[in-house]
Amino acid sequence: MLTPAFELSQDKTYLTIIVNAPYAKVSDAEIFIEDDEVRFHSKPYFLRLNLPGNLIEDGRESAVYNSDKGSFTIKVPKATEGEVFEGLDMLTKLLTPKGQTSAASPLIQVLDSSDEVTKDTDLEIDEDFDWHVDQKVYVEDKLPMDAPKYGFANTRCGVFKRLQEDIVDVVSLRDPDSCDVTQRREKRTQAEQEKFDPDYYLADLYEDDAIQELMSYRAPWEKQLKSLDQEFTDSEKEKMRNLPKKEFLLDEKQLIGVYLGLVDLLFAYAYNHRATEGEDNVESAWTICNLSATLSWLDVFHSLDDVVVSSLRRSLCYPLYRQWALSVKVLSDTRQILQLGKGYILKCLLEIRELLTHRYPYYILNDLYITDYCVWIQTASDKRLASLTDALAQISVKKDMVGLNLCEIEAEAAEENDRSVDVITESVSQIGLLPHKGIVLSSNTKDSDDDSTDHSDSTETDDDGTESDDESTESDDENTETDDKCSDTGVESTKSDDNNKLMEKHEEIDDSSFKSSFKSESHIEKCAQICEIEKDDSEKFENSEK
């Protein structure tokens, strides 16, 4: 934990404590008062003061946070009004726990002792152990003039040098205070190259049902309502009132970096809004911070093309949905947000600030970037925003510009797909025409039956002269003929049923074979199954003919 800078003052009634904690998580601040001890805690800061007099909590105590200075002002009434607290300027003494006068090691050290004495000594140490956090007086480090800069308009430095031990994973850059802008850019590009997963990209390319739903989602900015930039909710108005009162004096180089960084932030915001369909979740802060190179790598952009390339690359490497068409759609969303003006941009920045405020440790990025952006955008130039919007609309994005070999990856996948389809087609074409053979057999049998019937009819015609003599014989012949036809019809029906079943089997196999086009091993196995079924059915037909 960090010991914040602090100062104390008093009057006859109150003791006033000013705690400078610019990177504190204000929403989780805690203040504890008990007699002559005051404790303050707000990540990553902790302060414990042992006072020369007692305080009291009777409802008159108060605490106020100054967002301009990043400080807490705590006023607590004295237990005895009019009492003077001596030594309030002795900061080291105030930080020393009660009963402790020195941090030096004991002057006498026991080198050897009996077990009984050792046990008693250990017990005594356990009972009197001081669990208080060791505190040191805060001393501001002197930073060189050429120290690497970051934050809004590149005006901050040395922040992570002090916070790195207490707040980890705020940014992807491990040692921000020792890397200049060029080194950050190189490390960021290398990390993106290592993170990109071609298989993940292809999966989202071909299995895109969920992504198509996200792309069809109609975001608020797509309604093109100009009134949106004037309508702030009561909650947003309250947040605006709590913003620090600042005025920025930026040179031209800083202004360009700020405008380009704004595009980077809005792209990350637009992606999260579309991916969640406007319903933020626990991963929203992570998504925004990782998509924005400004927040995750403290990067500074010098051209609009650099911003577009960085945003597209990161949208294909880190978030849940990684598809080129979705990334291009989000880029269009970013342009529409800019087109709505600084009022609607402020609404988006306030939402980002709210998300980061409640997510440890990303709230630090509010102090470095988002809060200042919320203040600055209110005085930004409308003309420059319009010019930036037009320039963004004129950029033609192509897959080869992001440097991830997307065209080659898609071409290889298409070739593999074609090869798999060819294998399936060839296997299916080799399937025997067994269903057609069965139909032919049935047709021939029927023709044979017709011939037999015709022959029987002609025999009856020839025997008309002897009809009376052979009436019983003819009756027998008719009964026999009827039995034969029934038998033939039964055989024909059986064969027809077998043929239909065989055709259904082949149709099922053909359908299942064409449903998957990327798993070639599965296709080969199904082709083998087809051949095996064909062999069995051929044997059945041969037995049927016999």
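The shown structure was predicted, so the numbers you read here are calculated from the model rather than taken from an experiment. One numbering rule holds for all chains: residues counted from 1, following each sequence as written. Two thresholds apply to this predicted model, a pLDDT of at least 70 for residue-level local features and 80 or more for giving and counting side-chain atom pairs, whereas whole-chain, interface and lining totals are computed over all residues. Note: side-chain values were computed over all heavy atoms of the structure, leaving out hydrogens and water.

Peer 1: Could you give an account of the overall build of the chain, naming the residues involved and the relevant values?
Peer 2: Secondary structure elements are defined from DSSP: runs of H or I of at least 4 residues count as helices, runs of E of at least 2 residues count as strands, and each element is numbered from the N terminus. What the chain contains, in helices and strands, is 19 helices and 7 strands. Here the term buried applies to any residue with accessible area under 20% of the maximum for its type, exposed to any over 50%, and partly exposed to those in between, with areas from a 1.4 Å probe on protein chains only. Classification of the 546 residues of the chain by burial places 38% in the buried group. Contact definition: two residues touch when any of their heavy atoms are within 4.5 Å. Sequence separation of at least 24 residues holds for 75% of the intrachain contacts in the chain that already meet a minimum separation of 6. Looking at the chain as shown, the accessible area adds up to about 31,100 Å², and 49% of this sits on carbon and sulfur atoms. Areas reported as accessible are Shrake-Rupley estimates using a 1.4 Å probe. Residue values count occlusion only from the protein chains shown.

Peer 1: Would you mind going over the packing of helix α13 (residues 342-357) against helix α14 (residues 363-376) in detail, with residue names and values included?
Peer 2: At their nearest, the axes of α13 and α14 sit 10 Å apart, and the two run at 165° to each other. Taken together, α13 and α14 sit at an angle that is classed as roughly antiparallel. Crossing of α13 over α14 shows left-handed handedness. Within the contact between the two elements, α13 uses Leu346, Leu349, Leu350, Ile352, Arg353, Leu356 and Thr357 and α14 uses Tyr363, Leu365, Asn366, Ile370, Thr371, Tyr373 and Cys374. Helix axes use the C-alpha atoms of the stretch in contact, all axes being lines fitted to C-alpha atoms, and the angles between their N-to-C directions lie in the range 0 to 180 degrees. Angles are sorted into four bins: roughly parallel if under 35 degrees, roughly antiparallel if over 145, roughly perpendicular if 65 to 115, and oblique for all others. By convention the crossing between two helices is left-handed if the near helix lies anticlockwise of the far one by an angle smaller than a right angle, and right-handed if it lies clockwise.

Peer 1: If you had to explain the side chain of Thr294 to someone new, which residues and values would you point to?
Peer 2: Looking at where Thr294 falls in the secondary structure, it is placed in helix α10 (residues 293-297). Judged by relative accessible area, Thr294 falls into the buried class, the value being 3%.

Peer 1: For the environment of Cys179, give the residues involved together with the corresponding values.
Peer 2: Looking at where Cys179 falls in the secondary structure, it is placed in the loop between α3 (159-163) and α4 (181-195). In this structure Cys179 comes out as buried when scored by relative accessible area, which is 3%. Placed 30 residues apart in sequence, Cys179 and Lys149 show a C-alpha to C-alpha distance of 9.0 Å. Beyond its immediate sequence surroundings of up to four residues, Cys179 is in contact with Pro148, Leu173, Arg184 and Lys187.

Peer 1: Kindly report on the packing of aromatic side chains, identifying the contributing residues and their values.
Peer 2: Centres within 6.5 Å make a pair out of two Phe, Tyr or Trp rings, where for Trp the six-membered ring is used; the pair is then stacked when the planes are under 30 degrees apart, edge-to-face when over 60, and tilted otherwise. According to the stated counting rule, one finds 11 aromatic pairs in the structure shown. Each member of the aromatic cluster is reached from another via a ring pair, and the members are Phe152, Phe248, Tyr259, Tyr373 and Trp376. Here, a charge over a ring means that NZ of Lys or CZ of Arg falls within 6 Å of the ring centre while also lying within 35 degrees of the ring normal. One Lys or Arg, Lys43, reaches over the ring of Tyr360 and ends 4.5 Å from the middle of that ring. Across from the ring centre of Tyr14, 4.9 Å away, lies the NZ or CZ of Lys75, which sits over that ring.

Peer 1: A description of the pairing of strand β1 (residues 5-10) should follow, citing residues and the corresponding values.
Peer 2: Note on pairing: two strands pair once DSSP finds at least 2 bridges between them. Both β1 and strand β2 (residues 14-20) contribute to a ladder of 6 bridges, which runs antiparallel. Across the sheet, residue Ala5 finds its bridge partner in β2, namely Asn20. The loop that links β1 with its antiparallel partner β2 comprises 3 residues.

Peer 1: Kindly report on the packing of helix α8 (residues 252-275) against helix α11 (residues 304-315), identifying the contributing residues and their values.
Peer 2: The N-to-C vectors of α8 and α11 enclose an angle of 20°; their axes lie 9 Å apart at closest approach. The orientation of α8 with respect to α11, classified from their angle, is roughly parallel. Seen along the crossing, α8 lies across α11 with a hand that is right-handed. On the side of α8, the interface is formed by Leu260, Val263, Asp264 and Phe267, while α11 contributes Leu304, Val307, Ser311 and Ser315. Residue classes follow a fixed rule: Ala, Val, Leu, Ile, Met, Phe, Trp, Tyr, Cys and Pro count as nonpolar, while Asp, Glu, Lys and Arg count as charged, and any other residue, Gly among them, counts as polar. Class assignment of the residues belonging to the contact of α8 with α11 gives a composition of 5 nonpolar, 2 polar and 1 charged.

Peer 1: Explain the sheet that holds strand β5 (residues 45-50) to me, and be specific about the residues and the numbers.
Peer 2: Pairing within the open sheet is antiparallel, and its 3 strands lie in the order β3-β4-β5. The sheet terminates laterally at β3 (30-34) and β5, the two strands that pair on one side only. Within the sheet, the average angular offset between the axes of one strand and its neighbour, ignoring direction, is 5°. Taken together, the 6 bridges between strand β4 (residues 37-42) and β5 define a ladder with antiparallel strand orientation. Bridge pairing links Ser42 to Tyr45 in β5.

Peer 1: Requested: an account of the confidence of the model for the chain, with residues and values cited.
Peer 2: Predictor confidence is given residue by residue as pLDDT, running from a minimum of 0 to a maximum of 100. Per-residue confidence for the chain gives a mean pLDDT of 78; residues scoring 70 or more make up 67%. Taken element by element, the predicted model of the chain shows its lowest mean pLDDT in helix α17 (residues 434-462) (45) and its highest in α11 (97). Note that residues 436-482 has pLDDT below 50 and, in this model, 15 contacts with residues that lie over four places away or in other chains. For the stretch residues 508-521, pLDDT sits under 50, and the model shows 23 contacts to residues farther than four places along the chain or on other chains.

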